[in-house]
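One letter stands for each residue in the lines below.
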Amino acid sequence: MKRLLPLLAIPLLLTGCGLRPVYGGGTQGAVAQALGNVDVAPIEGRGGWLVRNALNDRLGAMSGGSGPRYKLVVKLDDQITGFGLRADAAVTRERRTLRARYKLIDEATGAQILDDTAGSDAGIDVTSSEYATIAAEDTALERLSQTVADQIVTRLALFSRKAANP
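We now turn to the structure provided with this report. Just so it is clear, the structure is predicted and the values come from calculations on it, not from any experiment.

Quick notes on the rules
Residues numbered from 1 in each chain as written. Predicted model: local features only at pLDDT ≥ 70, side-chain atom pairs only at ≥ 80, totals over all residues. Heavy atoms only, no water. Pairing = 2+ DSSP bridges. Helix = DSSP H or I, 4+ residues; strand = E, 2+ residues; numbered from the N terminus. Axes fitted to C-alpha atoms, helices over the stretch in contact; angles between N-to-C directions. Core = buried A, V, L, I, M, F, W, Y, C linked by side-chain atoms within 4.5 Å. Buried < 20%, exposed > 50% of the residue type's maximum accessible area, 1.4 Å probe, protein only. Contact = heavy atoms within 4.5 Å.

1. Regarding the sheet that holds strand β1 (residues 38–40)
Now for step 1: Strand order in the open sheet formed by four strands is β1-β2-β3-β4, and the pairing between neighbours is mixed. Across the chains shown, the open sheet's two edge strands, defined by having one partner strand only, are β1 and β4 (112–125). Strand-to-strand twist of the sheet, defined as the mean angle between neighbouring strand axes without regard to direction, takes the value 25 degrees.
Now for step 2: Where strand β3 (residues 91–106) and β4 come together, 13 bridges link them in antiparallel fashion. Bridge pairing in β4 places Arg99 opposite Gly119.

The following block contains the structure:
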């Protein structure tokens with residue numbers, strides 16, 4: 001019983017500090033309603049296709065609300081940089097970097113209401129097998145696209161919560 005009492009006090013302490021859940025109210029909450037109204041514009045390239053699908057998966061899980069409609073425009077910068085040189089000048093390691101600059105636009109007024117960036121990087125071992133290196137680069141892009149999509153949705157959720165509760 002002595003160990004159970006501190007565990008029961010944690011929720012009371014968290015509410016006392018002003019901590020509120022972002023998705024309070026579930027699918028009927030202000031954040032879920034706002035995120036359910038976001039349309040993702042097409043994004044160029046394979047990385048763009050992956051990021052757009054990840055964003056649509058996350059935003060599509062929210063219920064469509066009756067509030068203002070938004071359009072999310074994303075521009076990607078995908079780079080692979082070689083480093084870790086051997087004595088024969090061969091690259092032994094690569095870094096794949098995926099950066100996204102995104103803008104949230106109110107479709108009714110055309111006003112840009114959010115302009116932000118997200119990004120991540122991954123290390124890739126370069127092997128003697130070209131196939132293995134290409135497969136590692138593709139896998140890194142898939143992981144990075146998921147990470148960038150998570151960052152964008154998190155930022156949109158925080159923005160929506162702040163707009164709903166000024």
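And the narrative resumes.
2. Focus: the nonpolar core
Now for step 1: Among the nonpolar cores identified, the biggest contains 32 residues, and Leu55, Leu72 and Ile152 are the most heavily contacted of them.
Now for step 2: Those elements that provide at least two residues to this core are α2 (30–35), β1, α3 (45–60), β2 (70–85), β3, β4 and α4 (130–164).
Now for step 3: Counting residues per element, this core draws most heavily on α4, at nine residues.
Now for step 4: Not counting the four nearest positions on each side in its chain, Leu72 is found in contact with Val38, Asp39, Val40, Ala41, Leu55, Tyr102, Lys103, Leu104, Ile152 and Leu156.

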